[in-house]
Amino acid sequence: MKKSTVTEIRERFDNEVERFSNIETGQVATIDATLSLELLTSAAKAINPNATSLLDLGCGAGNYSLKMLSKLTNLNCTLIDLSKNMLDKAKQRVTEVTSGKITVIQGDIRDVLLPKNHFDIILAGAVLHHLREDSDWEFVFKKLFDCLKPGGCLMISDLIIQENSSVNKLVWKMYGDYLKQHGGKIYQQKVFDYIEKEDTPRSMNYQLDLMKKVGFSTTEILHKNSCFGAFGGIK
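The sections below set out a description of the structure shown in this document. (Residues numbered from 1 in each chain as written. Predicted model: local features only at pLDDT ≥ 70, side-chain atom pairs only at ≥ 80, totals over all residues. Heavy atoms only, no water.)

Across the sheet, seven strands lie side by side as β3-β2-β1-β4-β5-β7-β6; this open sheet has mixed pairing. Each edge of the open sheet carries a strand with a single partner, namely β3 (102–106) and β6 (218–225). Between one strand axis and the next, the sheet turns by 10° as a mean value, whatever way the strands run. For strand β1 (residues 53–57) and strand β4 (residues 119–125), the ladder comprises four bridges, and the chain directions are parallel. Bridging from a neighbouring strand, L57 pairs with A124 of β4. This element, helix α3 (residues 33–47), spans β4, β5 (148–159), β6 and β7 (228–234) of the sheet and lies at about 170° to β5. (Pairing = 2+ DSSP bridges. Helix = DSSP H or I, 4+ residues; strand = E, 2+ residues; numbered from the N terminus. Axes fitted to C-alpha atoms, helices over the stretch in contact; angles between N-to-C directions. Contact = heavy atoms within 4.5 Å.)

Written as C-alpha cells, this is what we have:
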C-alpha cells in the first residue's frame, strides 16, 4: 500500500482537534496513553529539574506540553505540528498555563530550522512513527540531539513494532483484541487501516540503538505494553 503523504496526514489531523484535546478520549487507540504521559513528563522533570525550555514535537492539541507544565511551571515552549488547527488549539491551551515564551512552528520536523544546544526537554508523543526510511529516522534523531542542551533529554511515547516476526504477530493480535474490546470489530479495522496507510513504526530497540549512534550518552526504557512504548535518551 502507498503510504500517506505529509499533506494527507496534515489534513486528517486538521479534522481531529477536538478529539485530541481530551487526553482521556483522544487516545483510546493508544494503550496506557495517560500512564506513558505521566512517566515521560515525570522522568523529564527528574532529569532536568531546572529546565527552562521545552520542544513539543507533533504537539497535537497540546496535551504533552500541558502535562509538562503541570510539573515544571512557566517553561518557554516551542510547539511543532503539521496541522495549523492543532497548533492554534495547542497555543491557546498552553498560553493559559505558562508565562514563558511560546513559539509556534507549522511544518515537518525534517524541514523546520531548530537552534543548536537550545532545549532542555523534547517530548515526542505519537509522532515519530510517521517517519519512513532509515535515513529519515537517523536524520531526525541527529537533528533532535543537536538541538538539545548537554544533559537535555528526548522523551518518546509511540507506536512500536517487535523485531521478531512471530512476537510481532502475537503483539499485534493482542492489540487487535484490545481495540475490539474498546470499540468493536469495525473500530479495530478502522485503526488498523489508518496505521497501515499512515504509519511506519520501528522497534524500541531500533530507536534506542539509533539514539546511541547519534550521540546520546544514556537511554532509558520507562514503559512498554503491547505495541506501545515510552522511552528516551539523555544528551
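What follows is about the packing of helix α6 (residues 134–147) against helix α8 (residues 204–214). Running from amino to carboxyl end, α6 crosses α8 at an angle of 55°, the nearest separation of the two axes being 9 Å. When the axis of α6 is compared with that of α8, the two are oblique. Where α6 crosses over α8, the two elements pack in a sense that is right-handed. Facing D134, W137, E138, F141, K142 and F145 of α6, the residues of α8 in contact are Y206, Q207, L210, M211, K213 and V214. Looking at the contact of α6 with α8 residue by residue, the class counts come to seven nonpolar, one polar and four charged. (Parallel < 35°, antiparallel > 145°, perpendicular 65-115°, else oblique. Left-handed = near helix turned anticlockwise from the far one by under 90°. Nonpolar A, V, L, I, M, F, W, Y, C, P; charged D, E, K, R; others polar.)

What follows concerns the nonpolar core. Among the nonpolar cores identified, the biggest contains 30 residues, and L114, L128 and L154 are the most heavily contacted of them. Among the secondary structure elements, those contributing two or more residues to this core are β1, β4, α6, β5 and α8. A per-element tally of this core places α6 first, with six residues. Once you skip the residues sitting within four places of it in the chain, L114 turns out to touch L55, I80, I105, I109, F119, K143 and C147. In this structure, Y64, L72, L79 and C153 belong to the second largest nonpolar core, which totals 24 residues. (Core = buried A, V, L, I, M, F, W, Y, C linked by side-chain atoms within 4.5 Å. Buried < 20%, exposed > 50% of the residue type's maximum accessible area, 1.4 Å probe, protein only.)

Another point: the packing of aromatic side chains. Within this structure, the stated rule accounts for eight aromatic pairs. Geometrically, the ring pair formed by F145 and F216 is edge-to-face, given 5.1 Å between the ring centres and 70° between the ring planes. With a gap of 71 residues between them, F145 in helix α6 and F216 in the loop between α8 and β6 connect regions that are remote in the sequence. The class of F145 is buried, set by a relative accessible area of 13%. Residue F216 is classed as buried on the basis of its relative accessible area, which comes to 3%. When the centroid spacing of 6.0 Å and the interplanar angle of 55° are considered together, the rings of Y175 and F192 count as tilted. Joined through ring pairs, the aromatic side chains of W172, Y175, Y178, F192 and F228 make up one cluster. A cation over a ring is seen here: R202 above Y206, with NZ or CZ 5.4 Å from the ring centre. Above the face of the F145 ring, K235 is positioned so that its terminal group lies 4.6 Å from the ring centre. (Phe/Tyr/Trp six-rings, centres within 6.5 Å; stacked < 30°, edge-to-face > 60°. Lys NZ or Arg CZ within 6 Å of the ring centre and 35° of its normal.)

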